[in-house]
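# Understanding the architecture of this molecule
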Amino acid sequence: MSKEKKAAPEMDSFQAWAHKWGRFGTVIALIYMIALPFIVLSYFDCMPALGDVFNVGTLSILLIYIPVGFSEAISYTPILGASSYLTFITGNIMNLKLPCAVNAMKLTKKEPNTPEGEAISSVAVAVCSIMTVIILALAALLSSWVSGIFELEAVKTASNYLIPALFGSLTLGLFASTKSGNKVVKNGVMGVVPVLIIVTILSLLVRVTSGGSLFGMVGLLIMVMLPVAIISSRIMWKKGIIKVVDNEAKEEE
């Protein structure tokens, strides 16, 4: 006797609206980004030959950014939900949009993959995008007055630590929180231990053998580390090292 198929859960009205217009906006953005270079090149009659475009240099760039693009879509979409469309269209995901969306949901005490959480993250990403445009416009208008500040040695030194400080604070925030809805993950940090070990070994290997960095392997590493993290966490959960308990039970302890 065949089992009855479970009915697909109905999508919230906001989520349905966001996905509908998100897909529409993504298609428009793709057409714009692809068509604009061809329009400019055709207008100035300087269309390059295919051999000049698709060469070894192009292939090396694609090998970096194609895995990065896939890995970002796989890893960021579960957190951003319906706001992923606007996030991927506007860019600057890891250093701007994702921290803003995560912090907004944390401040409002809303969870990802819920209508409320996706509405909050959408507003956060939209406001972040508007503020970015405003700041860039002001920087362009005032560039002649403020350019001297960026030439100061202290500012140059501080700018080298902006990205590490951002990633460090974001990582610490993720490690510090083990709550997900009404559940709490006990010893959840243990799930990232295998990933940290593998990344450390690969980093040392690349540094020792070639003296280079892991920039070209970022996308591949993310795609490899995601299943490693999921599988290792599941094994630890089966072994009882990682436990998922109710939030009330955790507070009573």
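Source: prediction; values computed, not measured.

## Some points on the packing of helix H5 (residues 93–107) against helix H6 (residues 115–141)
One way to put it is that H5 packs onto H6 with a least axis distance of 8 Å and a crossing angle of 135 degrees. Judged by the inter-axis angle, H5 sits oblique to H6. For the pair H5 and H6, the crossing hand works out as right-handed. Listed contacts from H6 to Leu96, Lys97, Cys100, Ala101, Ala104 and Met105 of H5 are Gly117, Ile120, Ser121, Ala124, Val125, Cys128, Ser129 and Thr132. Here the contact of H5 with H6 is built from residues that sort into nine nonpolar, four polar and one charged.

## Examining the nonpolar core
Formed by Tyr76, Leu80, Ile93, Leu98, Ala101, Val102 and Val125, the largest nonpolar core amounts to seven residues. Sorting the residues of this core by element identifies helix H3 (56–80) and H5 as the ones contributing at least two each. Looking at this core, the element that brings in the most residues is H5, giving four residues.

## Concerning the packing of aromatic side chains
One pass over the full model with this rule turns up three aromatic pairs. Here the aromatic rings of Tyr43 and Phe44 are separated by 5.0 Å at their centres, their planes lie at 90 degrees, and the arrangement is edge-to-face. Since its relative accessible area comes to 56%, Phe44 is described here as exposed.

## Observations regarding the confidence of the model for the protein
Per-residue confidence for the protein gives a mean pLDDT of 77; residues scoring 70 or more make up 70%. Confidence, read as mean pLDDT per element, is least for helix H12 (residues 247–252) in the protein (52) and greatest for helix H4 (residues 84–90) (92).

## Details of helix H1 (residues 13–43)
What sets the pattern is the α-helix's 3.6 residues per turn: residues three or four places apart point alike. Along its 31 residues, H1 runs 44 Å from first to last C-alpha, staying within 8% of the 45 Å computed at 1.5 Å per residue. Where H1 bends most, at Ala35, the angle is about 30 degrees, and the proline Pro37 comes one to four residues later. Buried-residue contacts for H1 involve H4 and H6. Regarding H1, its N-cap is Asp12, as a side-chain oxygen of that residue lies 2.8 Å from the backbone nitrogen of Phe14 further along. Positive backbone phi, approximately 55 degrees, marks Asp45, located one or two places after H1.

## Digging into the environment of Val125
When you line up the elements, Val125 lands in helix H6. Beyond its immediate chain neighbours, meaning those up to four positions away, Val125 contacts Ser83, Leu86, Thr87, Lys97 and Ala101.

## Describing a nonpolar patch on the surface
Residues Leu30, Tyr32, Met33, Ile34, Leu36, Phe38, Val40, Tyr43, Phe44 and Met47 make up a contiguous nonpolar surface patch of about 1100 Å² in total accessible area. Residue class for Tyr32 comes out exposed when judged on its relative accessible area of 54%.

## Examining unusual backbone geometry
Positive phi is not limited to glycine here, since Asp45 has a value of about 55 degrees. Inspection of the secondary structure assignment puts Asp45 in the loop between H1 and helix H2 (50–53). In this structure Asp45 comes out as exposed when scored by relative accessible area, which is 70%. Unusually for a residue other than glycine, Asn113 sits at a positive phi of about 60 degrees. With respect to the secondary-structure elements, Asn113 resides in the loop between H5 and H6. Using a relative accessible area of 51% as the deciding quantity, one classes Asn113 as exposed.

## Re the packing of H3 against H5
As a packed pair, H3 and H5 sit with axes 10 Å apart at the nearest point and diverge in direction by 25 degrees. The orientation of H3 with respect to H5, classified from their angle, is roughly parallel. Regarding H3 and H5, the two cross each other, and that crossing is left-handed. Mapping the contact onto sequence places Glu72, Tyr76, Ile79 and Leu80 in H3 and Ile93, Met94, Leu98, Ala101, Val102 and Met105 in H5.

Conventions adopted
- Residues numbered from 1 in each chain as written.
- Predicted model: local features only at pLDDT ≥ 70, side-chain atom pairs only at ≥ 80, totals over all residues.
- Heavy atoms only, no water.
- Axes fitted to C-alpha atoms, helices over the stretch in contact; angles between N-to-C directions.
- Helix = DSSP H or I, 4+ residues; strand = E, 2+ residues; numbered from the N terminus.
- Parallel < 35°, antiparallel > 145°, perpendicular 65-115°, else oblique.
- Left-handed = near helix turned anticlockwise from the far one by under 90°.
- Contact = heavy atoms within 4.5 Å.
- Nonpolar A, V, L, I, M, F, W, Y, C, P; charged D, E, K, R; others polar.
- Core = buried A, V, L, I, M, F, W, Y, C linked by side-chain atoms within 4.5 Å.
- Buried < 20%, exposed > 50% of the residue type's maximum accessible area, 1.4 Å probe, protein only.
- Phe/Tyr/Trp six-rings, centres within 6.5 Å; stacked < 30°, edge-to-face > 60°.
- pLDDT = per-residue confidence, 0-100.
- Expected span 1.5 Å × (residues − 1).
- Bend = angle between axes of the 7 residues up to and from the residue.
- Polar contact = N/O pair within 3.5 Å; in protein donor to acceptor, adjacent residues only side chain to side chain.
- Patch = residues over 30% accessible without salt bridge, like charges linked within 9 Å, V, L, I, M, F, W, Y side chains within 5 Å.
- Areas by Shrake-Rupley, 256 points an atom, 1.4 Å probe, with all protein chains shown as cover.
- Salt bridge = Lys/Arg side-chain N within 4 Å of Asp/Glu carboxyl O.

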